[in-house]
Amino acid sequence: MVKSGKLLRSLIRAGTRTAKLFADATAANTKAANKAARAAAKPTPTPKPKRTTTHQPRAKPHPAPLRMPGVFPAMPSATEPPAVAPGKWLTSYLPNAAGQRMSYWLYLPNNLSERAASKGLPLLVMLHGCQQTATQFAQGTRMNLWAEKLGYAVLYPQQPVSAHPHRCWKWYDRATQEGGGDVATILAMIHKVSTLHAIDRSRIYAAGISAGAGMANILALNNPHLFAAVGLHSGPVFGAGHNPLGALSVMKNGALGMRADLAAHEILKRHPEFPGMPAILFQGDSDNVVRSVNQLQLVRQSMLLNHLSGPAKTTRKRHYTLHDFFDGRKLLLRVAQVDKLEHAWSGGDPAFAFNDRAGPNASKMMLEFFGRHRRA
């Protein structure tokens, strides 16, 4: 198997060899089968949140998520309640483009830095994956606990089942990729939250996993003056797919030919003064749902959008490898390739679907990366 560091260095020199490199990337051996879901006591469904909730309740076990045969692996259901962050846990909703009710949750930390007290809190928009709810995503990633420690507000939009039966964000839809679809509703949520609460508008970030990562990338790339950086975990390459069948092909094989490069150039054409988009990318090397070729293509796109030419600084850690790309001394792109990780949030709570306890801690690393970046 070709080493990941060599692939990334080769990717910098991609040019006409890009398609070949992407094909090589998909040759990695995959695991024979997913682990069987742990047996658990009969779960109690999560109650619908009240709109006026002010403190984050201790979560009850929730039903195991629906499975899409042949696409999403079986994962364990919750068995123990997670730790609860001490800040405020608020909920509300807005109508989407189709007039459907899109709920959202907002975490406001008790911990305020000196800067936050004077200029407002940084805001992270977190987008769940398919077969997840916003609250399950918050609990599984433990993002609120890290937001409390590091002083972030966190907004969790939730895709309604009326929009997609598996709560998938439609990252593959061409109109959505160009800034339509659910983008306007999420932007309206950000505006509402920023108006009602003390938010630092120079420090707004987007992150997500899987379909949520695809949607987070769409939000950031179409609104580069609003978002200061983006965090993508197990996400599909931007600008490909264009229908549900095409989305499955992208998840397995990435974008075809030079489509990944073309999608990045289309963003630059739509935004002639594109200011760059710092990014942190996580990917498990055993992910058979969204395969690692997608991360390699996201790296290529990010290098184009941030005018990076490499080489990367590569650091080997206990469970993962980091590839850092700098512009001078400024870290603009961080790529984490995680050993043996399947389609799950790295360093999450395994009691919740699509989370893996093994490190690195993606939530902590994302917030620390975001802390390096703000919009002027």
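Look a little higher up for the structure.
These lines cover the structure that appears in this document, whether it is placed above or below.

Cut-offs applied
- For every chain, the first residue of the written sequence is number 1, and numbering continues from 1 onward in sequence order.
- Totals for whole chains, interfaces and linings use all residues, but because this is a predicted model, local features are given only for residues with pLDDT of at least 70 and pairs of side-chain atoms are given and counted only at 80 or more.
- Neither water nor hydrogens contribute to the side-chain values; these are computed over all heavy atoms in the structure.
- Helix and strand definitions here come from DSSP, where helices need a minimum of 4 consecutive H or I residues and strands a minimum of 2 consecutive E residues; each element is numbered from the N-terminal end.
- Whether a residue is buried, partly exposed or exposed follows from its accessible area with a 1.4 Å probe, protein chains only, as a fraction of its type maximum: under 20%, in between, or over 50%, in that order.
- The criterion used for residue contact is that any of the two residues' heavy atoms lie within 4.5 Å.
- For accessible areas, the Shrake-Rupley method is used with a probe of radius 1.4 Å. Any residue's cover is judged against the shown protein chains and nothing else.
- Here, axes are lines fitted to C-alpha atoms. For helices the fit covers the stretch in contact, and angles between N-to-C directions go from 0 to 180 degrees.
- An angle below 35 degrees is treated as roughly parallel, one above 145 as roughly antiparallel, one from 65 to 115 as roughly perpendicular, and anything else as oblique.
- Left-handed describes a crossing in which the near helix is turned anticlockwise from the far one by less than a right angle; the clockwise case is right-handed.
- Side-chain classes follow a simple rule in which Ala, Val, Leu, Ile, Met, Phe, Trp, Tyr, Cys and Pro form the nonpolar group, Asp, Glu, Lys and Arg form the charged group, and the remainder, Gly included, forms the polar group.
- Each Phe, Tyr or Trp ring (for Trp, its six-membered ring) is paired with any other whose centre lies within 6.5 Å, and the angle between the two planes then decides the class: stacked below 30 degrees, edge-to-face above 60, tilted in between.
- The criterion is that NZ of a Lys, or CZ of an Arg, lies within 6 Å of the ring centre and within 35 degrees of the ring normal, and then a charge sits over that ring.
- Pairing between two strands is assigned when DSSP locates at least 2 bridges connecting them.
- In the analysis that follows, any N or O atom pair within 3.5 Å is treated as a polar contact, provided that within protein one partner can donate a hydrogen and the other can accept it, and provided that, for residues neighboring in sequence, both atoms belong to side chains.
- By nonpolar core we mean a set of buried residues, namely Ala, Val, Leu, Ile, Met, Phe, Trp, Tyr and Cys, connected to one another through side-chain atoms within 4.5 Å.

**Points about the overall build of the protein chain**
Within the protein chain one finds 12 helices and 12 strands. By the burial criterion, 57% of the 376 residues in the protein chain qualify as buried. Partitioning the contacts of the protein chain with sequence separation of at least 6, the portion at a separation of at least 24 is 71%. Here the protein chain has roughly 16,400 Å² of accessible surface; of this, 54% comes from carbon and sulfur atoms.

**Points about unusual backbone geometry**
In this structure, Pro-360 follows Gly-359 across a cis peptide bond, with omega equal to 5 degrees. Residue placement: Pro-360 occurs in the loop between β12 (355–356) and α12 (362–370). The backbone of Arg-142 sits at a positive phi, close to 60 degrees, despite the residue not being glycine. By secondary structure assignment, the location of Arg-142 is in the loop between α4 (134–141) and α5 (143–150).

**Considering the packing of helix α10 (residues 259–270) against helix α11 (residues 293–305)**
Contact geometry for α10 and α11: axes closest at 9 Å, N-to-C directions at 30 degrees. Between α10 and α11, the angle is such that the two are roughly parallel. Here the hand of the crossing between α10 and α11 comes out right-handed. Counted together, Ala-260, Asp-261, Ala-263, Ala-264, His-265, Ile-267 and Leu-268 of α10 and Gln-297, Arg-300, Gln-301, Leu-304 and Leu-305 of α11 form the full contact between these two elements. Within the contact of α10 with α11, the residues separate by chemical class into seven nonpolar, three polar and two charged.

**Thoughts on the packing of aromatic side chains**
Under the definition given, this model contains six aromatic pairs. Arranged with centres 5.7 Å apart and planes meeting at 70 degrees, the rings of Trp-89 and Tyr-156 form a pair that is edge-to-face. Taken together, the residues span a long stretch of sequence, with Trp-89 in strand β1 (residues 88–95) and Tyr-156 in strand β4 (residues 153–157) at a distance of 67 residues. For Tyr-156, a relative accessible area of 0% corresponds to the buried category. With a centroid separation of 4.8 Å and 10 degrees between ring planes, the pair formed by Tyr-205 and Phe-370 is classed as stacked. Pair noted here: Tyr-205 is in strand β5 (residues 199–209) and Phe-370 is in helix α12, with a separation of 165 residues, a long-range link. Clustering of aromatic rings is evident, with ring pairs tying together Tyr-152, Tyr-205, Phe-369 and Phe-370. Above the face of the Tyr-93 ring, Arg-101 is positioned so that its terminal group lies 3.8 Å from the ring centre. Over the ring of Trp-146 we find Lys-149; its NZ or CZ atom is 4.3 Å from the centre of that ring.

**Observations regarding the sheet that holds strand β9 (residues 320–327)**
What the 10 strands build is an open sheet, ordered β1-β2-β4-β3-β5-β6-β7-β10-β9-β8; its pairing is mixed. Only two strands of the sheet have a single partner each, and these edge strands are β1 and β8 (313–316). Neighbouring strand axes in the sheet, compared pairwise and without regard to direction, differ in orientation by 15 degrees on average. As judged from the eight bridges shared by β9 and strand β10 (residues 330–338), these two strands associate in the antiparallel manner. Directly across from Asp-324, in β10, lies its bridge partner Arg-334. Against the sheet, α4 contacts β1, β2 (101–108), β3 (121–127), β4 and β5, and its axis sits at roughly 140 degrees relative to β4.

**Let's talk about the environment of Cys-168**
For Cys-168, the location among the structural elements is in the loop between β4 and α6 (174–177). Each C-alpha atom, one on Cys-168 and one on Ser-210, is 9.1 Å from the other, the two residues being 42 residues apart in sequence.

**Focus: the pairing of β10**
Extensive coverage of β10 is indicated by the burial of eight of its nine residues. Linking β9 to β10, which pair antiparallel, is a turn of two residues; within it Gly-328 sits at a positive phi near 65 degrees.

**Description of α4**
For α4, the buried fraction is high: eight of the eight residues fall into the buried class. Buried within α4 are the following residues: Ala-134, Thr-135, Gln-136, Phe-137, Ala-138, Gln-139, Gly-140 and Thr-141. Downstream of α4 by one or two residues, Arg-142 has phi in the positive range, about 60 degrees.

**Let's talk about the side chain of His-343**
Tracing the backbone shows His-343 in the loop between β10 and β11 (345–346). Overall, the relative accessible area of 4% leaves His-343 in the buried class. Of the polar contacts made by the side chain of His-343, one reaches the side chain of Ser-210; its length is 3.0 Å. Here His-343 is in contact with Ser-210, Ser-234, Asp-287, Val-289, Val-290 and Phe-354, once residues within four sequence places are set aside.

**A short note on the nonpolar core**
By size, the foremost hydrophobic cluster in this structure holds 64 residues, and its most contacted members are Leu-123, Leu-155, Phe-227 and Leu-333. Element by element, the count of residues in this core is highest for helix α8 (residues 211–222), at eight residues. Not counting the four nearest positions on each side in its chain, Phe-227 is found in contact with Val-125, Leu-187, Ile-190, Ile-204, Tyr-205, Ala-206, Leu-219, Ala-220, Met-277 and Arg-375. Membership of the second largest hydrophobic core comes to 36 residues, among which are Ala-207, Ile-209, Val-338 and Ala-362.

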